[in-house]
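# Structural overview
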Amino acid sequence: MSLYLEIPDWPLSFPFRTFENVGEIIVPPHWHKEIEIIFVTKGSVNIGYNGQIIQVHEGEIFVIGSGESHYFVASPGSNRLVFQFDLALFRDTLFKEKGYTELVQLFEKAENHSVNWPYETREKVVNCLRELFKEMTQLEVGYEYAMISQLLRLMTIYYREIPFKQDQAKKVSFVEAVNNHDTLERLNAIFMYVENHFTEGMTLDDIAEVVGFSPYYFARFFKKNTGQTFMQFLTDYRINQAKYILSHEKIPMIEVAEKSGFSSVKTFHHVFKEQVGVSPLKYQKSIFGNN
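This text gives an overview of the structure that appears in the document. This one's a predicted model, so the numbers in the text were calculated from it and none came from an experiment.

## Some details on the nonpolar core
In terms of nonpolar packing, the biggest core is built from 34 residues, with F16, I37, I61, F85, L87 and Y158 touching the most fellow members. The set of elements that each furnish at least two residues to this core consists of β3 (35-42), β6 (61-64), β8 (79-85), α1 (88-91), α2 (100-109), α3 (119-138) and α4 (143-160). With 7 residues, the single largest contributor to this core is α4. Ranked by size, the runner-up nonpolar core spans 20 residues in total, among them L187, I190, F222 and F230.

## Some details on the side chain of N46
As for its position among the elements, N46 is in strand β4 (residues 44-49). Classification of N46 by relative accessible area gives buried; the value is 15%. At 3.3 Å, the side chain of N46 and the side chain of Q55 are in polar contact. Apart from the residues within four sequence positions on either side, N46 is in contact with I53, I54, Q55, Y71, F72, V73, A74 and S75.

## Side note on unusual backbone geometry
Phi is positive for L139, close to 50°, though the residue is something other than glycine. Note on placement: L139 falls in the loop between α3 and α4. L139 sits in the partly exposed class, given a relative accessible area of 41%.

## As for the pattern of salt bridges
The full count for this structure, using the stated rule, is 5 salt bridges. Residues R122 and E123 are paired through a salt bridge, measuring 3.0 Å at the closest nitrogen-oxygen approach. Since its relative accessible area comes to 26%, E123 is described here as partly exposed. Between K134 and E131 there is a salt bridge, and its shortest N-O distance comes to 3.5 Å. Here E131 and K134 lie together in helix α3, a separation of 3 residues that amounts to about one turn. Of the residues examined, K134 reaches a relative accessible area of 35% and is grouped as partly exposed. Using a relative accessible area of 30% as the deciding quantity, one classes E131 as partly exposed.

## Some remarks on the sheet that holds strand β7 (residues 70-73)
Overall, antiparallel pairing links the 4 strands, which are arranged β2-β7-β4-β5 in an open sheet. Edge strands, defined here as strands with exactly one partner in the open sheet, are β2 (27-30) and β5 (52-57). For this sheet the average axis-to-axis angle between neighbouring strands, irrespective of direction, equals 25°. By the bridge criterion, 2 bridges tie β2 to β7 in an arrangement that is antiparallel. Residue pairing for β7: H30 is matched across the bridge by H70. Sheet strands touched by helix α9 (residues 230-248): β2, β5 and β7. Its angle to β7, the strand with the most contacts, is close to 10°.

## Considering the sheet that holds β3
Taken together, the 4 strands give an open sheet; going across it, the order is β1-β8-β3-β6, and neighbouring strands pair in antiparallel fashion. Only two strands of the sheet have a single partner each, and these edge strands are β1 (16-22) and β6. Each neighbouring strand pair of the sheet contributes to a mean axis angle of 20°, computed without reference to strand direction. For β3 and β6, the ladder comprises 4 bridges, and the chain directions are antiparallel. Among the inter-strand pairings, I38 is bridged to a residue of β6, identified as F62. Here α3 sits on the sheet and contacts β1, β3, β6 and β8; the angle it forms with β1, its principal contact strand, is near 95°. Its contacts with the sheet place α4 against β1, β3, β6 and β8, and it is angled at close to 90° to β8.

## Brief notes about the environment of S149
Mapped onto the fold, S149 is located in helix α4. Accessibility expressed as a relative area gives 39% for S149, which makes it partly exposed. Placed 21 residues apart in sequence, S149 and C128 show a C-alpha to C-alpha distance of 9.3 Å.

## Considering the pairing of β8
Burial within β8 is extensive, with 7 of its 7 residues counted as buried. Along β8, one buried face is formed by N79, L81, F83 and F85 and the opposite face, lined by R80, V82 and Q84, is buried too. Examined bridge by bridge, β1 and β8 share 7 bridges and lie antiparallel to one another. Among the inter-strand pairings, R17 is bridged to a residue of β8, identified as Q84.

Reading the values: rules and limits
- Residues numbered from 1 in each chain as written.
- Predicted model: local features only at pLDDT ≥ 70, side-chain atom pairs only at ≥ 80, totals over all residues.
- Heavy atoms only, no water.
- Core = buried A, V, L, I, M, F, W, Y, C linked by side-chain atoms within 4.5 Å.
- Buried < 20%, exposed > 50% of the residue type's maximum accessible area, 1.4 Å probe, protein only.
- Helix = DSSP H or I, 4+ residues; strand = E, 2+ residues; numbered from the N terminus.
- Polar contact = N/O pair within 3.5 Å; in protein donor to acceptor, adjacent residues only side chain to side chain.
- Contact = heavy atoms within 4.5 Å.
- Salt bridge = Lys/Arg side-chain N within 4 Å of Asp/Glu carboxyl O.
- Pairing = 2+ DSSP bridges.
- Axes fitted to C-alpha atoms, helices over the stretch in contact; angles between N-to-C directions.

Structural data, given as structure tokens:
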């Protein structure tokens, strides 16, 4: 299974799970179709999201929508509760008339960070999360109904109280792709190949052969199901790898370029600055300071 594409193992009879992570656990760039909610219970957690490192402090919540690439930088002395659930849970229960895409778009539009929510709204969400974690820990009789009730309450809060982002620029959506098993398997094969070969020269012919498509058909397939051309995706993937390396290691930029798959340090500097808006060195200094 591709590390870039995460498919959770559900411990219960429905697509929901929650667990605790300590800050020393480092998670490389990845995405999944499930909603992920991070609730920081101690210290501060550093999350790589949308081209920047976001610091989420104790008592705060950060929500990652369906198909949004993210990673976790080492955050010593911190603890976080992680909640993941598939929005299909709501589509397949009481509300068949509510489109799955509508729910995905609701989370895309909503503010991710609880610092941008009203205080009372944040407290309501915190209470839901604490109840969900308690039910998962204790698994008392009727826990399924207790969990579903809290998740439905959470959906109600999202519809009624979570404010929308000011900037509603269109994002890449994986909704169609992740709801088709065959498509998901093909994307997984592509991502696995990229993970194993992104430091090498890679052509459209190479990757098309992996999934048994002609280069022309592969280009259409990939663009349709990810919203990007393959070369755009590959560039984004390498940039995310570079950000991850820059967030964890202090090594010469030529090594960063090599380890993230760029053919030269000059190309790396140019592409990184064009994509991120600052040079790799300035990006690293924003994380480590001048130490």
